[in-house]
Amino acid sequence: MSARSLTRDEDRWAAVIRRDPDADRAFYYGVRTTGVYCRPSCAARPARRENVSFHESCEAAERAGFRPCKRCRPNERTGADSNAGAPGGSVRFAVSRCSLGRVLVAATHKGVCAILLGNDAKALERDLQRRFPGAKLLAADAQLKDWTARVAELIEAPELDLALPLDVRGTEFQRRVWQALRGIPPGVTVSYKEIAVRLGAPEAIRAVAQACAANAVAVAIPCHRVVRSDGSLSGYRWGVDRKRALLAREAAA
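Predicted, not measured: the structure shown is a model, and the values here were computed from it.

A. Examining the packing of aromatic side chains more closely. Going through the model one piece at a time under the given rule, you end up with 3 aromatic pairs. Relative to F54, the ring of F27 lies with its centre 5.7 Å away and its plane at 80 degrees, an arrangement referred to as edge-to-face. Separated by 27 residues along the polypeptide, F27 in the loop between α1 (9-17) and β1 (28-31) and F54 in strand β3 (residues 52-55) bring together distant segments of the chain. Using a relative accessible area of 14% as the deciding quantity, one classes F54 as buried. Look at Y28 and Y37: their rings are 6.2 Å apart centre to centre, the planes differ by 90 degrees, and that puts the pair in the edge-to-face class. Like Y37, Y28 is buried.

In structure tokens, the structure reads:
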């Protein structure tokens, strides 16, 4: 049975039971008891049928309140979805020191695809390879070295407008969230709920938080400017201490 014919729930359930990889781009399924959604090919043990719902897209599953499965990562591209995660099959990267530890900047031929923060250069490189599993990682060229220096400047002086070209990958909803984040000026914070309302999806607070967590472009897409409704700091992929430091610099600028 082709993926295009998977329009009936009974056929979709059969695809889940047989973990059919050919069905992966046709639909997603959510499990009410765990609150996660998966690809049909997910290796996790299938849930009971009465606890499963089917969704046309990642966005639809997230709007329904489900979060992506950490095992099959349904909201991330695979080799079957795109060219090994990077146009041309290669990603250039550079690692530099900054006041927050180390920063890795990576780019495709279209623009910056990742800005990662951490303490260990090798760990950052491994994280980059995980995000682009089929890509060949190459040393930085002169342009990327310049971009890396500019990112380091942005970390120290968040009021700068570097206008770097970006090449971000994600679901349609994630990209909408990331675009909204880029509209938050330095020194200003907003809540996850405010972002959801701005996007016309006031109930999608959890999906907004998940999109912030999935952001691979630190600082340039300022997910650190999103806080809880009471103003307190929530989690940050690169550590709450870094989030607090970034916000403090912006407040003082």
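B. Examining the sheet that holds strand β4 (residues 67-68) more closely. Here 4 strands make up an open sheet; going across it, the order is β3-β1-β2-β4 and the pairing mixed. Unpaired on one side and paired on the other, β3 and β4 mark the two borders of the sheet.

C. Examining the environment of R19 more closely. Among the secondary structure elements, R19 is positioned in the loop between α1 and β1. Since its relative accessible area comes to 34%, R19 is described here as partly exposed. Taking the C-alpha atoms as reference points, R19 and R225, 206 residues apart in sequence, are found 39 Å from one another. Beyond its immediate stretch of four places on either side in the chain, R19 contacts P40, S41, C42, A43, A44, R45 and P46. A distance of 3.2 Å separates a polar atom in the side chain of R19 from the backbone oxygen of C42.

Cut-offs and rules
Residues numbered from 1 in each chain as written. Predicted model: local features only at pLDDT ≥ 70, side-chain atom pairs only at ≥ 80, totals over all residues. Heavy atoms only, no water. Phe/Tyr/Trp six-rings, centres within 6.5 Å; stacked < 30°, edge-to-face > 60°. Helix = DSSP H or I, 4+ residues; strand = E, 2+ residues; numbered from the N terminus. Buried < 20%, exposed > 50% of the residue type's maximum accessible area, 1.4 Å probe, protein only. Pairing = 2+ DSSP bridges. Contact = heavy atoms within 4.5 Å. Polar contact = N/O pair within 3.5 Å; in protein donor to acceptor, adjacent residues only side chain to side chain.

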